[in-house]
Amino acid sequence: MNHDVLSGLPDPAAPLTCTGHGSLAERFTQHANVRPEALCLAGSDHHWTYREVEVVTRSLAQAIARRTAGPGQVVAVYGDRSPALALALLASIRAGCAFFIIDPKYPRERTLACTRYVRAAGILNTAKEDPAADELRAALG
């Protein structure tokens, strides 16, 4: 291995030198409070303001915490790249969960194996009706 290439990289074991400015969810809420009516998320059939995204993701985060997973657990998020996926990811973060994105285009066996490997506590399905999501849900149980 060429150590010259690695010499310019930071030490991953060293403490971070940057100062935090709050979590992603806190920063999002701050921005939503400043510009609640600004366009936040656009899809082909719907546009969301920051206020709408704030309300939807808080509600979904509460549902995740009640029914699926708690802080520190992993939530599998099944779906294509879409506004619904972005909402599910922010809601997972708000619930204190890590997330694992499962793309429906991946081979089913691979997604099942990955889902079992990460030991997801639950699944959020953002895809249109797709029987593979039910299969993944069963694999978690």
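Residues numbered from 1 in each chain as written. Predicted model: local features only at pLDDT ≥ 70, side-chain atom pairs only at ≥ 80, totals over all residues. Heavy atoms only, no water.

A. Just the overall build of the protein chain, in detail. Summing up its helical and strand segments, the protein chain has six helices and five strands in all. Looking at the protein chain as a whole, 35% of its 141 residues are labelled buried. Taking contacts inside the protein chain between residues at least 6 apart in sequence as the whole, the part at least 24 apart equals 62%. On the protein chain, roughly 9,500 Å² of surface is accessible, and the fraction owed to carbon and sulfur atoms is 55%. (Helix = DSSP H or I, 4+ residues; strand = E, 2+ residues; numbered from the N terminus. Buried < 20%, exposed > 50% of the residue type's maximum accessible area, 1.4 Å probe, protein only. Contact = heavy atoms within 4.5 Å. Areas by Shrake-Rupley, 256 points an atom, 1.4 Å probe, with all protein chains shown as cover.)

B. Looking closely at the pairing of strand β3 (residues 74–78). Here β3 lies mainly inside the structure; five of its five residues are buried. Alternating residues of β3 divide into Val74, Ala76 and Tyr78 and Val75 and Val77, and every residue in both groups is buried. The parallel pair β3 and strand β4 (residues 98–102) is bridged by helix α4 (residues 83–94), and the resulting crossover is right-handed. Where β3 and strand β5 (residues 122–125) come together, four bridges link them in parallel fashion. Following the sheet pairing, tyrosine 78 is matched in β5 by asparagine 125. (Right-handed = clockwise from strand over helix to strand, strands pointing away. Pairing = 2+ DSSP bridges.)

C. The sheet that holds β4, seen in detail. Strand order in the open sheet made by the three strands is β4-β3-β5, with parallel pairing throughout. Two strands bound the open sheet, and with one partner strand each, they are β4 and β5. Averaged over all pairs of adjacent strands, the angle between strand axes in this sheet comes to 25°, irrespective of strand direction. (Axes fitted to C-alpha atoms, helices over the stretch in contact; angles between N-to-C directions.)

D. Just helix α3 (residues 50–68), in detail. With 19 residues, α3 should cover 27 Å at 1.5 Å per step; its first-to-last C-alpha distance of 25 Å lies within 8% of that length. When we look at burial in α3, the residues that qualify are Tyr50, Val53, Glu54, Thr57, Ala61, Ala63 and Ile64. Packed against the buried residues of α3 are α2 (24–34), β1 (39–42), β2 (47–49), β3, α4 and β5. (Expected span 1.5 Å × (residues − 1).)

E. Region of interest: the pattern of salt bridges. Under the criterion given, the structure shown has four salt bridges. Between aspartate 80 and lysine 105 there is a salt bridge whose closest N-O contact spans 3.2 Å. Separated by 25 residues along the polypeptide, aspartate 80 in the loop between β3 and α4 and lysine 105 in the loop between β4 and α5 (108–118) bring together distant segments of the chain. Here lysine 105 falls in the exposed class, since its relative accessible area comes to 66%. Connected through salt bridges with shared partners, the residues Glu54, Arg58 and Arg94 form a single ionic network. (Salt bridge = Lys/Arg side-chain N within 4 Å of Asp/Glu carboxyl O.)

F. Geometry of the pairing of β4. With five bridges connecting them, β3 and β4 associate as parallel partners. Paired with alanine 76 across the strands is phenylalanine 100, a residue of β4.

G. Spatial organisation of unusual backbone geometry. Phi is positive for arginine 119, which is not a glycine, with a value near 55°. A relative accessible area of 71% places arginine 119 in the exposed class.

H. Structural context of the environment of valine 55. As for its placement among the helices and strands, valine 55 is situated in helix α3. Given a relative accessible area of 53%, valine 55 falls into the exposed group. On a C-alpha basis, the gap between valine 55 and threonine 29 in space is 10.0 Å, while along the polypeptide they are 26 residues apart.

I. Region of the structure containing the nonpolar core. Core analysis: the largest hydrophobic core is formed by twelve residues, namely Ala61, Ile64, Ala69, Val75, Val77, Leu85, Ala88, Leu89, Ala91, Ala95, Cys97 and Leu124. The set of elements that each furnish at least two residues to this core consists of α3, β3 and α4. If one sorts the elements of this core by residue count, α4 sits on top with four residues. With residues near it in sequence (within four places) discarded, alanine 95 still touches Ala61, Ile64, Gly70 and Pro71. Among the nonpolar cores identified, the runner-up in size contains nine residues, and Ala32, Ala38, Tyr50 and Leu90 belong to it. (Core = buried A, V, L, I, M, F, W, Y, C linked by side-chain atoms within 4.5 Å.)

Function cannot be read off these values alone, since they describe shape.
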